[in-house]
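Each chain, letter by letter, is given below.
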Amino acid sequence: SGSFGYKHYRISRTGCQDNSRYSAVYAKLQNSEQIYFQKIELIFQREKVTDMEEKRAATPTLTLVVPCYNEEEIIEKTSGVLADKLRRLEGEDKISKNSRILFVDDGSRDNTFRILHDISEKDPIFSVLKLAGNCGHQNAILAGMMTAKDSADIVVTIDADLQQDIEALDEF
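Residues numbered from 1 in each chain as written. Predicted model: local features only at pLDDT ≥ 70, side-chain atom pairs only at ≥ 80, totals over all residues. Heavy atoms only, no water.

Some remarks on helix α2 (residues 75-91)
Between its first and last C-alpha, α2 extends 24 Å over 17 residues, near the 24 Å set by a 1.5 Å rise per residue. Those residues of α2 that fall on the buried side of the exposure criterion are I75, T78, S79, L82, A83, K85, L86, L89 and E90. Buried residues of α2, seen end-on, are gathered within an arc of 165° and therefore sit on one face of the element. Of the exposed residues in α2, those oriented more than 90 degrees away from the buried face are E76, K77 and G91. Here the buried face of α2 lies against β4 (62-68), β5 (100-105), α3 (112-122) and β6 (126-130). Once α2 finishes, D93 follows within two positions and takes phi at roughly 55°, a positive value. (Helix = DSSP H or I, 4+ residues; strand = E, 2+ residues; numbered from the N terminus. Expected span 1.5 Å × (residues − 1). Buried < 20%, exposed > 50% of the residue type's maximum accessible area, 1.4 Å probe, protein only. Arc of directions from axis to C-beta. Contact = heavy atoms within 4.5 Å.)

Structural notes on the packing of aromatic side chains
For any pair of aromatic rings, geometry is given as the distance between the ring centres together with the angle between the planes. Evaluation of the coordinates by the stated rule reveals one aromatic pair. Seen from their ring centres, F103 and F126 are 5.8 Å apart, and the 25° between their planes marks the pair as stacked. Pair noted here: F103 is in strand β5 and F126 is in strand β6, with a separation of 23 residues, a long-range link. For the pair F103 and F126, one class covers both residues: buried. (Phe/Tyr/Trp six-rings, centres within 6.5 Å; stacked < 30°, edge-to-face > 60°.)

Given below as structure tokens:
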């Protein structure tokens, strides 16, 4: 095993076992010399009602995962809208101050990554994950969720064009 950067993250296949506590994801990770397959376990524990109530008592950490592909024309506006929404939710104590927006650049061929990098340099609420090439929308979402799973209590995906209703976040 070696050290792998996220920009080399490629999803190979996914599988789900019924009646189990987890879904297994097999990711093809490559460095400059070799290709490895690594099994990554996502834990989806069925929580007791009391455990869920305890978690709700604490302010949850939210990560918004935003897959992007050639979005240079809209990404600055999108980042502003999402940042405003996250800060409003933080101000209302609905989410933790550690909540973040994670953009996943799915191998854009335009200036999307450069713009996202500049945005993330100016504001720590943003982070960027760059995939090595165009892996597809669902794989970009999965890569973002895998990245966010250890630091977030809640992960919500939203497309960069904001076609989903951002105000629906209030209902979670």
